[in-house]
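The residues making up each chain are set out below.
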Amino acid sequence: MSHQIQLISRTENGVIYKCLECNHYQIEYKNLNFTFSIVGYDRFRNYIKSLYQKHLEEGILCHSLGKNILLPTNSETLKISFNMRELEELFSLFSMKKKEQKEADLETEMTYDFCLN
């Protein structure tokens, strides 16, 4: 069964779609994939934004490669870890406006992943 989807936002490593038939949001970021209802999407978006703001306010601007920012899940044994660069990109994925989205689409389309030997 095919559903109509609307592109909400896109970054180099992530994309957000909304299903226009069931009103669910699909978030793909690197190797993570989330599906949320409208309420769940709003909660997740607000959590990511507040987590990012908290790290900014605390002066944790370190761009270390270590994944020291933990995102809890419903499972006691599973936490998703990010570094600051990944959190920034996830934050921007939720923060893009329509004009920024069009510019990001162009940049993403122009990114080439091959060698010109």
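Shown above is the structure to which this text applies.
Note on numbering: residues in each chain are counted from 1, in written sequence order. Restriction of local features to residues with pLDDT of at least 70 applies here, the model being predicted, together with a cutoff of 80 or more for giving and counting side-chain atom pairs; totals for whole chains, interfaces and linings are based on all residues. Excluding hydrogens and water, the side-chain values take into account all heavy atoms of the structure.

What's the story with helix α1 (residues 38-57) in this structure? I'm lost.
One turn of the α-helix equals 3.6 residues, which is why residues spaced by three or four share an orientation. Taking 1.5 Å of rise per residue, 20 residues should cover 28 Å, and α1 covers 28 Å from first to last C-alpha, within 8% of that figure. For every residue, the accessible area obtained with a 1.4 Å probe (protein chains only) is divided by the maximum for its type, and the residue is called buried under 20%, exposed over 50%, and partly exposed between those limits. A run of H or I in DSSP counts as a helix once it spans at least four residues, and a run of E counts as a strand once it spans at least two, with each numbered from the N terminus. Turning to α1, its buried residues number three or more, namely G40, Y41, F44, I48, L51, Y52 and H55. An end-on view of α1 places all buried positions within 105° of arc, on one side of the element. The exposed set on the far side of α1, more than 90 degrees from its buried face, consists of R43 and E57. Working rule for contacts: check all heavy atoms of both residues, and any pair within 4.5 Å makes them a contact. On its buried side, α1 packs onto β1 (5-10), β2 (14-19), β3 (25-29), β4 (32-36), β5 (69-72) and α2 (84-95). Given the number of residues in a helix, its expected span is that number minus one, multiplied by 1.5 Å. Directions drawn from the helix axis to the C-beta atoms are what define this arc.

Mind showing me how you'd approach the pairing of β2 here?
Regular strands have side chains that alternate between both faces of the sheet. With respect to burial, β2 is a largely interior element, five of its six residues being buried. Pairing analysis gives five bridges linking β1 to β2, with the strands arranged antiparallel. Paired with L7 across the bridge in β2 is Y17. A pair of strands counts as paired when DSSP detects no fewer than two bridges linking them. As consecutive antiparallel partners, β1 and β2 are separated by three residues. Of the pairings in the sheet, the one linking β2 to β3 comprises five bridges and is antiparallel in character. Counted as the bridge partner of G14 is Y29 from β3.

I'm lost on the packing of aromatic side chains in this one. Help?
Geometry of an aromatic ring pair is reported as the spacing of the ring centres plus the angle between the planes. Aromatic pairs are defined between Phe, Tyr and Trp rings, using the six-membered ring for Trp, whenever the two ring centres lie within 6.5 Å; interplanar angles under 30 degrees are classed as stacked, those over 60 as edge-to-face, and all others as tilted. Tallied over the full model, the rule gives eight aromatic pairs. Judged by centre distance (4.1 Å) and plane angle (20°), the rings of Y52 and F91 are stacked. Highlighted residues: Y52 in helix α1 and F91 in helix α2, separated in sequence by 39 residues. The same class applies to Y52 as to F91, namely buried.

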